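Read off the chains here:
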Amino acid sequence: MAIKNADRNFIERVFEEAYQKGLSAAPSGHKADYIPELAKADENAFGICAMDKNGEFVGIGDIDTRFSMQSISKVLTLSAAIEIMGFDEVFSNVMFEPSGDGFNSIVKLDTVSNLPYNPMINAGAIQIASMLADNVSFDNLLDFAREFCHDSKIELNEPVYRSECETGDRNRAIAYLLKSKGVLKTDIEKTCDLYFKMCSLNVTARSLAGMGLIISNDGVNPFTERRYISHENVRTLKSIMFSCGMYDRSGEFSVKVGVPAKSGVGGGIVCAARGPLGIGIYGPALDCKGNSAAGVAAMEHISSSLNLHIFD
Ligand code: GLU
(Lines give C-alpha, C1' and ligand atoms only; values in the text may rest on other atoms or scores of the structure.)
Protein backbone atom coordinates (compact mmCIF):
# COMPACT_ATOMS: atom_id res chain seq x y z
CA MET A 1 0.00 0.00 0.00
CA ALA A 2 1.58 3.30 -1.02
CA ILE A 3 -0.03 6.67 -0.36
CA LYS A 4 -0.12 7.64 -4.04
CA ASN A 5 -1.82 10.83 -5.10
CA ALA A 6 -4.49 8.90 -6.97
CA ASP A 7 -5.41 7.05 -3.78
CA ARG A 8 -4.87 9.88 -1.33
CA ASN A 9 -8.51 10.88 -1.00
CA PHE A 10 -9.54 7.27 -0.43
CA ILE A 11 -6.79 6.69 2.15
CA GLU A 12 -7.61 9.90 3.98
CA ARG A 13 -11.25 8.86 4.10
CA VAL A 14 -10.30 5.45 5.53
CA PHE A 15 -8.20 7.14 8.22
CA GLU A 16 -11.03 9.55 9.04
CA GLU A 17 -13.46 6.59 9.42
CA ALA A 18 -10.87 4.70 11.49
CA TYR A 19 -10.43 7.77 13.68
CA GLN A 20 -14.18 7.92 14.31
CA LYS A 21 -14.29 4.19 15.11
CA GLY A 22 -11.40 4.68 17.50
CA LEU A 23 -13.12 7.59 19.23
CA SER A 24 -16.23 5.43 19.72
CA ALA A 25 -14.15 2.57 21.19
CA ALA A 26 -12.04 4.74 23.52
CA PRO A 27 -14.64 5.05 26.34
CA SER A 28 -14.52 1.25 26.80
CA GLY A 29 -10.86 1.61 27.84
CA HIS A 30 -9.00 3.03 30.82
CA LYS A 31 -5.57 4.57 31.09
CA ALA A 32 -2.88 2.61 32.95
CA ASP A 33 -2.49 3.70 36.55
CA TYR A 34 -0.20 1.08 38.06
CA ILE A 35 2.68 3.36 37.11
CA PRO A 36 1.34 6.56 38.75
CA GLU A 37 2.82 8.91 36.17
CA LEU A 38 0.87 7.16 33.35
CA ALA A 39 -2.40 8.01 35.10
CA LYS A 40 -1.80 11.68 34.17
CA ALA A 41 -2.48 10.98 30.47
CA ASP A 42 -5.52 12.54 28.80
CA GLU A 43 -7.81 9.55 28.28
CA ASN A 44 -9.50 11.28 25.34
CA ALA A 45 -6.30 11.83 23.38
CA PHE A 46 -6.17 9.90 20.11
CA GLY A 47 -4.08 10.12 16.98
CA ILE A 48 -3.28 7.84 14.02
CA CYS A 49 -0.82 8.34 11.19
CA ALA A 50 0.93 6.46 8.43
CA MET A 51 4.09 7.00 6.41
CA ASP A 52 5.17 5.26 3.22
CA LYS A 53 8.63 4.87 1.73
CA ASN A 54 8.26 7.94 -0.47
CA GLY A 55 7.72 10.04 2.65
CA GLU A 56 4.00 10.45 1.92
CA PHE A 57 2.13 10.88 5.15
CA VAL A 58 -1.44 10.87 6.44
CA GLY A 59 -2.26 11.85 9.99
CA ILE A 60 -5.24 12.75 12.08
CA GLY A 61 -5.70 13.77 15.71
CA ASP A 62 -2.99 13.86 18.40
CA ILE A 63 -0.09 12.61 16.33
CA ASP A 64 2.54 14.90 17.90
CA THR A 65 1.64 14.41 21.56
CA ARG A 66 4.58 12.94 23.51
CA PHE A 67 4.07 9.82 25.59
CA SER A 68 6.31 7.05 26.92
CA MET A 69 6.77 4.14 24.56
CA GLN A 70 6.66 1.52 27.33
CA SER A 71 6.57 -1.99 25.88
CA ILE A 72 7.13 -0.74 22.34
CA SER A 73 10.75 -0.33 23.46
CA LYS A 74 10.87 -4.15 23.49
CA VAL A 75 10.99 -3.98 19.69
CA LEU A 76 14.05 -1.72 19.86
CA THR A 77 15.88 -3.80 22.45
CA LEU A 78 15.18 -7.07 20.62
CA SER A 79 16.40 -5.48 17.37
CA ALA A 80 19.59 -4.25 19.03
CA ALA A 81 20.18 -7.58 20.77
CA ILE A 82 19.85 -9.79 17.70
CA GLU A 83 22.01 -7.43 15.66
CA ILE A 84 24.74 -7.26 18.34
CA MET A 85 24.66 -10.81 19.73
CA GLY A 86 23.10 -12.82 16.96
CA PHE A 87 20.05 -15.07 16.77
CA ASP A 88 21.57 -18.13 18.50
CA GLU A 89 22.83 -16.26 21.54
CA VAL A 90 19.58 -14.29 22.01
CA PHE A 91 17.28 -17.27 21.59
CA SER A 92 19.25 -19.48 23.89
CA ASN A 93 18.18 -17.04 26.61
CA VAL A 94 14.56 -16.35 25.66
CA MET A 95 11.97 -18.33 23.69
CA PHE A 96 9.66 -17.10 20.93
CA GLU A 97 6.35 -18.60 22.04
CA PRO A 98 3.21 -16.59 22.80
CA SER A 99 2.65 -16.85 26.55
CA GLY A 100 -1.12 -16.37 26.62
CA ASP A 101 -0.55 -14.59 29.94
CA GLY A 102 -0.46 -10.95 30.95
CA PHE A 103 2.62 -8.89 30.05
CA ASN A 104 3.96 -8.89 33.60
CA SER A 105 3.05 -12.45 34.53
CA ILE A 106 5.51 -14.42 36.57
CA VAL A 107 3.60 -17.71 36.87
CA LYS A 108 4.85 -19.76 33.90
CA LEU A 109 8.38 -18.50 34.42
CA ASP A 110 8.26 -20.01 37.89
CA THR A 111 6.34 -23.19 37.21
CA VAL A 112 6.63 -24.16 33.52
CA SER A 113 9.77 -22.80 31.92
CA ASN A 114 13.15 -21.48 33.00
CA LEU A 115 13.37 -19.23 29.96
CA PRO A 116 10.99 -16.29 29.38
CA TYR A 117 8.35 -17.13 26.78
CA ASN A 118 9.20 -14.31 24.37
CA PRO A 119 10.97 -10.91 24.20
CA MET A 120 7.69 -8.92 23.99
CA ILE A 121 6.63 -9.63 27.59
CA ASN A 122 8.36 -8.15 30.61
CA ALA A 123 10.30 -11.29 31.57
CA GLY A 124 11.73 -11.62 28.06
CA ALA A 125 12.54 -7.95 27.73
CA ILE A 126 14.24 -7.91 31.13
CA GLN A 127 16.37 -10.86 30.03
CA ILE A 128 17.21 -9.00 26.79
CA ALA A 129 18.04 -5.87 28.83
CA SER A 130 20.41 -7.92 30.97
CA MET A 131 22.18 -9.16 27.85
CA LEU A 132 22.43 -5.63 26.46
CA ALA A 133 23.45 -4.00 29.74
CA ASP A 134 27.07 -5.17 29.50
CA ASN A 135 27.36 -4.55 25.75
CA VAL A 136 25.76 -1.22 25.00
CA SER A 137 25.06 2.03 26.88
CA PHE A 138 21.67 3.66 27.33
CA ASP A 139 22.96 6.61 25.27
CA ASN A 140 23.72 4.27 22.36
CA LEU A 141 20.21 2.83 22.58
CA LEU A 142 18.74 6.35 22.75
CA ASP A 143 20.59 7.25 19.53
CA PHE A 144 19.30 4.03 17.98
CA ALA A 145 15.72 4.92 19.01
CA ARG A 146 16.05 8.42 17.54
CA GLU A 147 17.31 7.11 14.21
CA PHE A 148 14.91 4.21 14.08
CA CYS A 149 11.94 6.52 14.67
CA HIS A 150 13.20 9.41 12.48
CA ASP A 151 12.79 11.55 15.60
CA SER A 152 15.78 13.41 17.05
CA LYS A 153 13.61 14.78 19.87
CA ILE A 154 13.14 11.47 21.65
CA GLU A 155 14.27 11.94 25.27
CA LEU A 156 14.01 10.11 28.54
CA ASN A 157 10.75 11.09 30.25
CA GLU A 158 12.24 11.67 33.72
CA PRO A 159 8.97 11.65 35.73
CA VAL A 160 7.87 8.38 34.08
CA TYR A 161 11.33 6.88 34.63
CA ARG A 162 11.27 7.83 38.35
CA SER A 163 7.73 6.46 38.63
CA GLU A 164 8.83 3.16 37.03
CA CYS A 165 11.82 2.89 39.39
CA GLU A 166 9.66 3.59 42.45
CA THR A 167 6.93 1.11 41.55
CA GLY A 168 8.86 -1.51 39.57
CA ASP A 169 9.06 -4.21 42.23
CA ARG A 170 7.22 -6.77 40.14
CA ASN A 171 9.78 -6.30 37.38
CA ARG A 172 12.58 -6.63 39.94
CA ALA A 173 10.89 -9.83 41.17
CA ILE A 174 10.98 -11.17 37.59
CA ALA A 175 14.67 -10.28 37.37
CA TYR A 176 15.44 -12.02 40.69
CA LEU A 177 13.52 -15.10 39.57
CA LEU A 178 15.52 -15.18 36.32
CA LYS A 179 18.71 -14.81 38.33
CA SER A 180 17.71 -17.60 40.71
CA LYS A 181 17.34 -19.89 37.69
CA GLY A 182 20.79 -18.93 36.42
CA VAL A 183 19.37 -17.34 33.25
CA LEU A 184 20.00 -13.70 34.11
CA LYS A 185 23.66 -13.22 34.90
CA THR A 186 24.12 -9.45 35.21
CA ASP A 187 23.51 -6.98 38.01
CA ILE A 188 19.77 -6.74 38.76
CA GLU A 189 19.61 -2.99 39.38
CA LYS A 190 21.70 -2.22 36.29
CA THR A 191 19.44 -4.48 34.21
CA CYS A 192 16.19 -3.05 35.58
CA ASP A 193 17.50 0.49 35.21
CA LEU A 194 18.12 -0.05 31.49
CA TYR A 195 14.69 -1.70 31.12
CA PHE A 196 12.93 1.18 32.95
CA LYS A 197 14.80 3.80 30.91
CA MET A 198 13.87 2.20 27.61
CA CYS A 199 10.19 2.04 28.67
CA SER A 200 10.38 5.75 29.52
CA LEU A 201 11.47 7.07 26.12
CA ASN A 202 9.09 9.76 24.96
CA VAL A 203 7.73 9.26 21.43
CA THR A 204 4.79 10.40 19.32
CA ALA A 205 2.44 8.54 16.98
CA ARG A 206 4.46 10.14 14.17
CA SER A 207 7.69 8.64 15.51
CA LEU A 208 6.02 5.21 15.71
CA ALA A 209 4.95 5.48 12.07
CA GLY A 210 8.62 6.11 11.21
CA MET A 211 9.65 3.07 13.24
CA GLY A 212 6.99 0.88 11.63
CA LEU A 213 8.16 2.03 8.21
CA ILE A 214 11.75 0.83 8.76
CA ILE A 215 10.53 -2.53 10.05
CA SER A 216 8.13 -2.94 7.13
CA ASN A 217 10.87 -1.84 4.73
CA ASP A 218 13.01 -4.87 5.63
CA GLY A 219 15.01 -3.02 8.29
CA VAL A 220 16.15 -0.23 5.93
CA ASN A 221 15.45 3.50 6.32
CA PRO A 222 14.01 4.25 2.85
CA PHE A 223 15.17 7.89 2.95
CA THR A 224 18.84 7.30 3.79
CA GLU A 225 19.01 3.67 2.58
CA ARG A 226 20.80 2.80 5.81
CA ARG A 227 20.12 -0.75 6.98
CA TYR A 228 19.48 -1.13 10.73
CA ILE A 229 18.45 -4.79 10.90
CA SER A 230 19.45 -7.64 8.61
CA HIS A 231 16.78 -9.30 6.48
CA GLU A 232 16.91 -12.48 8.59
CA ASN A 233 16.61 -10.55 11.85
CA VAL A 234 13.76 -8.32 10.67
CA ARG A 235 11.90 -11.45 9.59
CA THR A 236 12.34 -12.83 13.11
CA LEU A 237 11.27 -9.50 14.62
CA LYS A 238 8.11 -9.25 12.51
CA SER A 239 7.19 -12.87 13.25
CA ILE A 240 7.47 -12.25 17.00
CA MET A 241 5.53 -8.98 16.75
CA PHE A 242 2.82 -10.80 14.79
CA SER A 243 2.48 -13.64 17.30
CA CYS A 244 3.28 -11.89 20.59
CA GLY A 245 3.11 -8.09 20.09
CA MET A 246 -0.37 -7.30 21.40
CA TYR A 247 -0.15 -8.94 24.84
CA ASP A 248 -2.63 -11.77 25.37
CA ARG A 249 -4.81 -10.35 22.59
CA SER A 250 -2.11 -11.13 20.00
CA GLY A 251 -4.06 -14.02 18.48
CA GLU A 252 -7.22 -11.97 18.01
CA PHE A 253 -5.27 -9.02 16.59
CA SER A 254 -3.43 -11.32 14.15
CA VAL A 255 -6.71 -12.82 12.94
CA LYS A 256 -8.66 -9.56 12.67
CA VAL A 257 -5.89 -7.12 11.67
CA GLY A 258 -3.10 -9.35 10.43
CA VAL A 259 -0.26 -6.84 10.70
CA PRO A 260 2.94 -7.18 12.79
CA ALA A 261 2.45 -4.73 15.66
CA LYS A 262 3.49 -3.91 19.20
CA SER A 263 1.59 -1.97 21.81
CA GLY A 264 2.61 -0.34 25.07
CA VAL A 265 0.69 0.61 28.18
CA GLY A 266 1.47 4.28 27.48
CA GLY A 267 -1.18 3.98 24.72
CA GLY A 268 1.07 3.58 21.69
CA ILE A 269 0.88 1.02 18.91
CA VAL A 270 3.48 0.59 16.16
CA CYS A 271 2.44 -1.35 13.05
CA ALA A 272 4.69 -2.56 10.25
CA ALA A 273 2.25 -3.02 7.38
CA ARG A 274 3.10 -4.29 3.93
CA GLY A 275 3.57 -1.65 1.31
CA PRO A 276 5.89 -0.84 3.04
CA LEU A 277 3.79 1.29 5.34
CA GLY A 278 4.46 2.34 8.93
CA ILE A 279 1.47 3.15 11.12
CA GLY A 280 1.72 4.88 14.51
CA ILE A 281 -1.11 5.29 17.00
CA TYR A 282 -1.59 7.05 20.31
CA GLY A 283 -4.64 6.43 22.47
CA PRO A 284 -4.01 5.95 26.19
CA ALA A 285 -7.39 4.42 27.10
CA LEU A 286 -6.45 0.71 27.23
CA ASP A 287 -8.52 -2.45 26.82
CA CYS A 288 -8.37 -5.06 29.58
CA LYS A 289 -5.26 -6.63 27.98
CA GLY A 290 -3.27 -3.38 27.88
CA ASN A 291 -3.74 -2.33 24.23
CA SER A 292 -5.05 1.06 23.12
CA ALA A 293 -8.80 0.45 22.78
CA ALA A 294 -9.17 3.17 20.15
CA GLY A 295 -6.04 1.99 18.36
CA VAL A 296 -7.20 -1.60 17.98
CA ALA A 297 -10.60 -0.51 16.65
CA ALA A 298 -8.93 1.88 14.22
CA MET A 299 -6.49 -0.76 12.99
CA GLU A 300 -9.28 -3.26 12.31
CA HIS A 301 -10.87 -0.72 10.01
CA ILE A 302 -7.63 0.41 8.34
CA SER A 303 -6.47 -3.14 7.70
CA SER A 304 -9.75 -4.37 6.20
CA SER A 305 -10.22 -1.21 4.10
CA LEU A 306 -6.67 -1.12 2.74
CA ASN A 307 -6.20 -4.91 2.46
CA LEU A 308 -3.26 -4.94 4.87
CA HIS A 309 -3.80 -8.39 6.38
CA ILE A 310 -0.69 -10.38 5.49
CA PHE A 311 -2.83 -13.36 4.44
CA ASP A 312 -5.16 -11.37 2.19
N1 GLU B 1 7.12 -0.29 31.98
C2 GLU B 1 6.00 -1.18 31.92
C3 GLU B 1 6.18 -2.33 32.87
O4 GLU B 1 7.21 -2.90 32.88
C5 GLU B 1 5.84 -1.65 30.52
C6 GLU B 1 4.62 -2.48 30.35
C7 GLU B 1 4.04 -2.46 28.98
O8 GLU B 1 3.97 -1.46 28.27
O9 GLU B 1 3.60 -3.54 28.61
O10 GLU B 1 5.32 -2.69 33.62
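See the structure above.
Computed from a prediction, not measured in an experiment: that's the story for all the values here. (Residues numbered from 1 in each chain as written. Predicted model: local features only at pLDDT ≥ 70, side-chain atom pairs only at ≥ 80, totals over all residues. Heavy atoms only, no water.)

Undergrad: Explain the packing of helix H2 (residues 73-85) against helix H9 (residues 188-199) residue by residue, including any values.
TA: Closest axis-to-axis distance for the H2/H9 pair is 9 Å, and the angle between their directions is 125°. Judged by the angle between their axes, H2 and H9 are oblique. In this structure, H2 crosses over H9, and the sense of that crossing is right-handed. Only Tyr195, Met198 and Cys199 of H9 make contact with H2, whose side of the interface consists of Ser73, Lys74, Leu76 and Thr77. (Axes fitted to C-alpha atoms, helices over the stretch in contact; angles between N-to-C directions. Helix = DSSP H or I, 4+ residues; strand = E, 2+ residues; numbered from the N terminus. Parallel < 35°, antiparallel > 145°, perpendicular 65-115°, else oblique. Left-handed = near helix turned anticlockwise from the far one by under 90°. Contact = heavy atoms within 4.5 Å.)

Undergrad: Which residues make up the site of the ligand, and what values do they have?
TA: Near the ligand there are 13 residues, and of these Gln70, Ser71, Glu164, Tyr195 and Tyr247 occur at the shortest range. Tyr34 places a side-chain nitrogen or oxygen 2.8 Å from an oxygen atom of the ligand. The contact in question runs from an oxygen atom of the ligand to an N or O atom on the backbone of Val265, over 2.9 Å. Within the complex, the protein chains bury 99% of what would otherwise be the 300 Å² of accessible surface of the ligand. Of the residues in the shell around the ligand, the class split is seven nonpolar, five polar and one charged. (Near = heavy atom within 4 Å. Polar contact = N/O pair within 3.5 Å; in protein donor to acceptor, adjacent residues only side chain to side chain. Areas by Shrake-Rupley, 256 points an atom, 1.4 Å probe, with all protein chains shown as cover. Nonpolar A, V, L, I, M, F, W, Y, C, P; charged D, E, K, R; others polar.)

Undergrad: Which residues make up the sheet that holds strand S6 (residues 268-273), and what values go with them?
TA: Think of a sheet as strands paired side by side through backbone hydrogen bonds, with each pair either parallel or antiparallel. Across the sheet, which stays open at both edges, the five strands sit in the order S2-S1-S7-S6-S5 with antiparallel pairing between neighbours. Of all strands in the sheet, those with a lone pairing partner are strand S2 (57-61) and strand S5 (261-263), marking the two edges. Pairwise comparison of adjacent strand axes, ignoring direction, gives a mean angle of 10° for this sheet. Note: S5 against S6, three bridges, orientation antiparallel. Following the sheet pairing, Lys262 is matched in S6 by Val270. Set on the sheet, helix H13 (residues 293-306) makes contact with strand S1 (47-52), S6 and strand S7 (277-282); between it and S7 the angle comes to about 150°. (Pairing = 2+ DSSP bridges.)

Undergrad: Can you tell me about the nonpolar core, naming the residues and giving the values?
TA: Counting residues in hydrophobic clusters, the biggest one holds 70 residues, and the most contacted among them are Leu78, Val90, Phe148, Met211 and Ile215. Broken down by element, this core gets its largest block of residues, eight residues, from helix H5 (residues 122-133). Apart from the residues within four sequence positions on either side, Ile215 is in contact with Val75, Phe148, Val234, Leu237, Lys238, Met241 and Ala272. (Core = buried A, V, L, I, M, F, W, Y, C linked by side-chain atoms within 4.5 Å. Buried < 20%, exposed > 50% of the residue type's maximum accessible area, 1.4 Å probe, protein only.)

Undergrad: Account for the environment of Ala285, with residues named and values stated.
TA: For Ala285, the position within the fold is in the loop between S7 and H13. For the pair Ala285 and Ala25, spaced 260 residues apart in the sequence, the C-alpha separation amounts to 9.2 Å. Dropping the residues within four chain positions of it, Ala285 is found in contact with Ala26, Gly29, His30, Lys31, Glu43, Asn291, Ser292, Ala293 and Ala294.

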